[in-house]
Amino acid sequence: MISMGLGRSVSLVAFCIAAEVARELAFKHATDRAGDSKNLALALAQEPLIWIGILLWLLETIAWLVVLQHVPLSVAFPAMMLVYASIPAAGALFLGERLSRSQLIGVGFVVLGVGCVSLSDLQA
């Protein structure tokens, strides 16, 4: 049973998902901007988006620990798998990446599966 209230739990899990998506977009954009630099580590260290991504990673980790304190793992972890659908969708939307038909179908299956697993535990 979710002990901190459904609304707060959903909000925290949604924040974790959004933070992870934003982090991956920041990392991807920063590595694209760093290009084929001879010193990749130095080029990345100078990219503000790398530091934003690291900050998002830290904030997400803290939020995730709060989620784990109050939400059953059988609900929280499957919900976090929405990142497997959200990151490719965000890559297409914000970075102009193309998704094949099979990737779109996979995204749909991930969303469906997460819904089935998470909602079944909320009703139990």
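Quick look at the structure, then.

Calculation notes
- Residues numbered from 1 in each chain as written.
- Predicted model: local features only at pLDDT ≥ 70, side-chain atom pairs only at ≥ 80, totals over all residues.
- Heavy atoms only, no water.
- Salt bridge = Lys/Arg side-chain N within 4 Å of Asp/Glu carboxyl O.
- Helix = DSSP H or I, 4+ residues; strand = E, 2+ residues; numbered from the N terminus.
- Buried < 20%, exposed > 50% of the residue type's maximum accessible area, 1.4 Å probe, protein only.

**A word on the pattern of salt bridges**
1) Next: Following the criterion strictly, the structure yields 5 salt bridges and no others.
2) Next: E60 serves as the salt-bridge partner of R23, at 2.9 Å between the closest nitrogen and oxygen. Taken together, the residues span a long stretch of sequence, with R23 in helix α1 (residues 6-34) and E60 in helix α3 (residues 48-70) at a distance of 37 residues.
3) Next: E60 gets classed as buried once you look at its relative accessible area, which sits at 8%.
4) Next: Residue R33 pairs with E47 through a salt bridge whose shortest N-O separation is 3.1 Å. Here R33, found in helix α1, pairs with E47, found in the loop between α2 (40-45) and α3; they are 14 residues apart in sequence, far enough to count as distant.
5) Next: Residue classification places E47 among the buried positions, given a relative accessible area of 10%.
6) Next: One network of salt bridges, with partners in common, ties together E20, R23, E24 and E60.

**Side note on the environment of H70**
1) Next: Counting through the fold element by element, H70 comes out in helix α3.
2) Next: Note on H70: relative accessible area 25%, which makes it partly exposed.
3) Next: The sequence separation of H70 and M4 amounts to 66 residues, and the corresponding C-alpha distance is 6.0 Å.

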